[in-house]
Amino acid sequence: MRSLPLTLVARLLPVAVLAAAGVAMTTSDDSDTSATPAGPSPQTSAPATSAAAPRYAKPPEEACTLLPESVIKDLVPGAKTTGNELKSSDLNRRTGCSWHALDGFDYRWLDIAYDVKSVAGKQKSEGGSAVPGLGDDASVTEKTTEDDDQGIREAVVTVHQDNATVTVTYNGGDFENHKAADSDEIRKGAIGAARKALAALDG
């Protein structure tokens, strides 16, 4: 059997995840003291209400159990359904799991990552093609890479729902003919896995 390209070997090694960055808050003062209002003083504004509580307090635990085994077997033939838990320095903020396997000459990699922020509010994806009907906002990006004459096609789906972000990465190639996996297969597989991963947020 041919040896794996160096970049794929590197992907199979454990990766460290950076700790979540804090959210900087700023205030501003746009009052104008130069003008004196005529007539009665305006009514005092009602005190501001506190911000809405975030929809999700933390990401799902045991991320490797969230996707149905049938999905994993379909997208990553030959992979152990137990997966590999994401190594995170803050499991109250970020969790995830990955699966990969070489089935004959067909290589596939799938990973899901959850990132839950401490503040509520809709987020928006930047770049990629929109994926309608998925979360508050979702997009998919695709690319094909060549390494040691081996093609690999990858799709990344980013889904925002309230204060949570779900990222699904799916890629693959044929090590016999050196061609990247089919574009339609990789794109649909990534979007389908993202729908399942998003549903797991709400149990």
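About the cut-offs
Residues numbered from 1 in each chain as written. Predicted model: local features only at pLDDT ≥ 70, side-chain atom pairs only at ≥ 80, totals over all residues. Heavy atoms only, no water. Pairing = 2+ DSSP bridges. Helix = DSSP H or I, 4+ residues; strand = E, 2+ residues; numbered from the N terminus. Disulfide = S-S within 2.5 Å. Buried < 20%, exposed > 50% of the residue type's maximum accessible area, 1.4 Å probe, protein only. Polar contact = N/O pair within 3.5 Å; in protein donor to acceptor, adjacent residues only side chain to side chain. Contact = heavy atoms within 4.5 Å. Expected span 1.5 Å × (residues − 1). Core = buried A, V, L, I, M, F, W, Y, C linked by side-chain atoms within 4.5 Å. Phe/Tyr/Trp six-rings, centres within 6.5 Å; stacked < 30°, edge-to-face > 60°.

With respect to the sheet that holds strand 5 (residues 137–147)
- Ordered in space as 1-2-3-7-6-5-4, the 7 strands form an open sheet in which the pairing is antiparallel. The open sheet terminates on both sides in strands that have one partner only, identified here as strand 1 (84–85) and strand 4 (129–130).
- Pairing of strand 4 with strand 5, which is carried by 2 bridges, proceeds in the antiparallel orientation. The partner of Ser-129 across the bridge, within strand 5, is Val-140.

So, the state of the cysteines
- In this structure the tally under the stated criterion is 1 disulfide.
- A sulfur-sulfur distance of 1.9 Å marks the disulfide that ties Cys-64 to Cys-97. Given an S-S torsion of about 95°, the disulfide between Cys-64 and Cys-97 has right-handed geometry. Remark: Cys-97 occurs in strand 2 (residues 94–103) and Cys-64 occurs in the loop between helix 1 (6–11) and helix 2 (69–75); sequence separation between them is 33 residues. Just as Cys-64 is buried, Cys-97 falls in that class too.

A look at the side chain of Gln-161
- Take Gln-161: it is sitting in strand 6 (residues 150–161).
- The buried category is assigned to Gln-161, whose relative accessible area is 10%.
- Side-chain polar atoms of Gln-161 contact the side chain of Tyr-56, separated by 2.6 Å.
- Setting aside residues no more than four positions away along its own chain, Gln-161 makes contact with Arg-55, Tyr-56, Gly-135, Asp-136, Leu-198 and Asp-202.

Looking at helix 3 (residues 183–199)
- For helix 3, with 17 residues, the first-to-last C-alpha span of 25 Å sits near the 24 Å given by 1.5 Å per residue.
- Of the residues making up helix 3, those classed as buried are Ile-186, Gly-189, Ala-190, Ile-191, Ala-193, Ala-194, Ala-197 and Leu-198.
- Lining the buried residues of helix 3 we find helix 2, strand 3 (106–116), strand 6 and strand 7 (164–174).
- Among the residues of helix 3, the N-terminal cap falls to Asp-182, whose side-chain oxygen and the backbone nitrogen of Asp-184 are separated by 3.1 Å.

Let's talk about the nonpolar core
- Counting residues in hydrophobic clusters, the biggest one holds 37 residues, and the most contacted among them are Trp-99 and Leu-110.
- The biggest single contributor to this core is helix 3, with 7 residues.

Some details on the packing of aromatic side chains
- All chains considered together, the criterion is met by 1 aromatic pair.
- Each ring, one from Tyr-107 and one from Phe-175, has its centre 5.9 Å from the other, and the planes form 15°; the classification is stacked. Within this pair, whereas Tyr-107 is found in strand 3, its partner Phe-175 is found in the loop between strand 7 and helix 3, the two being separated by 68 residues in sequence. Across this residue pair, the class does not change: Tyr-107 and Phe-175 are buried.

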